Amino acid sequence: LVLVLSSRLLQAVCINAVRGNPDSVIAAIDHFCQNQEWAMNVGDEKGAILDSVVMETSPSTVLELGTYCGYSAVRIMRLLPPATRFITLEMNPDYAAVARQVIQHAGLQDKVCLVEGKSADLIPKMADMFGIRTFDFVFFDHWKDCYLPDIRLLEDCGLLDQGSVVLADNVLCPGAPEYLDYVRSSLRFSSRFYRSHLEYTRVLDGLESRTQTGPGSHCGR
Ligand SMILES: O=C(NCCNC(=O)c1cc(-c2ccc(F)cc2)cc(O)c1O)c1cc(O)ncn1
Ligand SMILES: [Mg+2]
């Protein structure tokens, strides 16, 4: 039986991780990617930075764009108190299917709301679909050329407000230059670069966080 990479990653989780234990799921994926096959999870080095920004923000509403195999979803959800809303969007149905099983193995299936579809189509429906007014924390890890249009869309839909944090993966590798210029250009936000490395490699990469300082665009003040 020939398995695609995401299925081989899931198999490694099923074999090596303890059911209901998110940290063992994270460790199993990192071990698989470090020793068997590279895969585009945010990884342990950037993952620790992700953890620290999530804990610092202590959000009550979280949106992730780009679920892939569910690694960062497990990382984020394991830190959140039970009442927190966590929504993750993935347009690739094969990735979404693997992610559901990885998240279930971690015992976090009741906390996740995994929606399949394009971020550009789903973001405008967030308020109606989930009764979400604004997101306190957003993690960008999907197609890099979607970062800029999608943060603009989140703003236009009034889904970001004062204090909202947007954290983006891969701003150096593969890179999101237009996005970086945008988030670093406006005075309405403070942005910070976290220097790191491409997951499981020594290639330079990093995360960029942007915190909204002024009120949301729909407040009018
Ligand atoms: O969103 C979709 N892909 C994942 C986006 N993420 C990435 O592309 C990504 C890539 C890399 C990466 C870095 C160096 C390299 F040499 C190759 C890849 C690393 C990362 O950390 C990522 O996050 C997708 C796909 C598809 O086929 N259909 C619908 N959606
Ligand atoms: Mg990434």
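Residues numbered from 1 in each chain as written. Chains lettered and ligands numbered in written order. Predicted model: local features only at pLDDT ≥ 70, side-chain atom pairs only at ≥ 80, totals over all residues. Heavy atoms only, no water.

A short note on the site of ligand 1
- The full set close to ligand 1 counts 16 residues, and Met 91, Asp 141, Lys 144, Asn 170 and Glu 199 are the nearest of them.
- One nitrogen or oxygen atom from the side chain of Asp 141 is found 2.8 Å from an oxygen atom belonging to ligand 1.
- Taking Glu 199, its side chain carries an N or O atom lying 2.5 Å from an oxygen atom of ligand 1.
- In terms of residue class, the shell around ligand 1 is built from eight nonpolar, three polar and five charged. (Near = heavy atom within 4 Å. Polar contact = N/O pair within 3.5 Å; in protein donor to acceptor, adjacent residues only side chain to side chain. Nonpolar A, V, L, I, M, F, W, Y, C, P; charged D, E, K, R; others polar.)

Comments concerning the sheet that holds strand β1 (residues 61-65)
- Ordered in space as β3-β2-β1-β4-β5-β7-β6, the seven strands form an open sheet in which the pairing is mixed. With partners counted over all chains shown, the strands left at the sheet margins are β3 (112-116) and β6 (189-197), one partner each. Averaged over all neighbouring strand pairs, the angle between strand axes comes to 15 degrees, with direction disregarded.
- Note that strand β2 (residues 85-90) and β3 share five bridges and pair parallel. What sits directly across from Ile 87, in β3, is Cys 113.
- Across the face of the sheet, helix α3 (residues 43-57) comes into contact with β4 (137-140), β5 (165-168), β6 and β7 (204-212) while running at roughly 150 degrees to β6.
- Against the sheet, helix α10 (residues 177-185) touches β4, β5, β6 and β7, its axis set at about 35 degrees to β7. (Pairing = 2+ DSSP bridges. Helix = DSSP H or I, 4+ residues; strand = E, 2+ residues; numbered from the N terminus. Axes fitted to C-alpha atoms, helices over the stretch in contact; angles between N-to-C directions. Contact = heavy atoms within 4.5 Å.)

Some details on the coordination of the magnesium ion (ligand 2)
- Here the magnesium ion (ligand 2) is held by Asp 141 (OD), Asp 169 (OD) and Asn 170 (OD1), and the distances to it run 2.0 to 2.2 Å.
- In the primary structure, the donors to the magnesium ion (ligand 2) are separated according to the pattern D-x27-D-N. Here Asp 141, found in the loop between β4 and α8 (147-156), pairs with Asp 169, found in the loop between β5 and α9 (171-175); they are 28 residues apart in sequence, far enough to count as distant.
- Residue class for Asp 141 comes out buried when judged on its relative accessible area of 13%. (Donors = N, O, S within 2.8 Å, 3.2 Å for Na, K, Ca; no water. Buried < 20%, exposed > 50% of the residue type's maximum accessible area, 1.4 Å probe, protein only.)

Description of a nonpolar patch on the surface
- On the surface, Leu 172, Phe 193 and Leu 204 cluster together to form a nonpolar patch covering roughly 230 Å² of accessible area.
- With respect to the helices and strands, the residue Leu 172 is situated in helix α9. (Patch = residues over 30% accessible without salt bridge, like charges linked within 9 Å, V, L, I, M, F, W, Y side chains within 5 Å. Areas by Shrake-Rupley, 256 points an atom, 1.4 Å probe, with all protein chains shown as cover. Salt bridge = Lys/Arg side-chain N within 4 Å of Asp/Glu carboxyl O.)

Observations concerning the nonpolar core
- Counting 43 residues, the largest nonpolar core has Leu 9, Ile 29, Ile 76, Val 102 and Phe 137 as the members making the most contacts within it.
- Counting residues per element, the ones that place at least two in this core are α1 (5-16), α2 (22-35), α3, α4 (71-77), α5 (93-105), β3, β4 and β5.
- Considering each element in turn, this core owes the most residues, six residues, to α2.
- Beyond its immediate stretch of four places on either side in the chain, Val 102 contacts Leu 9, Leu 10, Val 13, Val 25, Ile 29, Cys 69 and Val 74.
- Ile 87, Phe 130, Val 138 and Phe 140 belong to the second largest nonpolar core, which has 28 residues in total. (Core = buried A, V, L, I, M, F, W, Y, C linked by side-chain atoms within 4.5 Å.)

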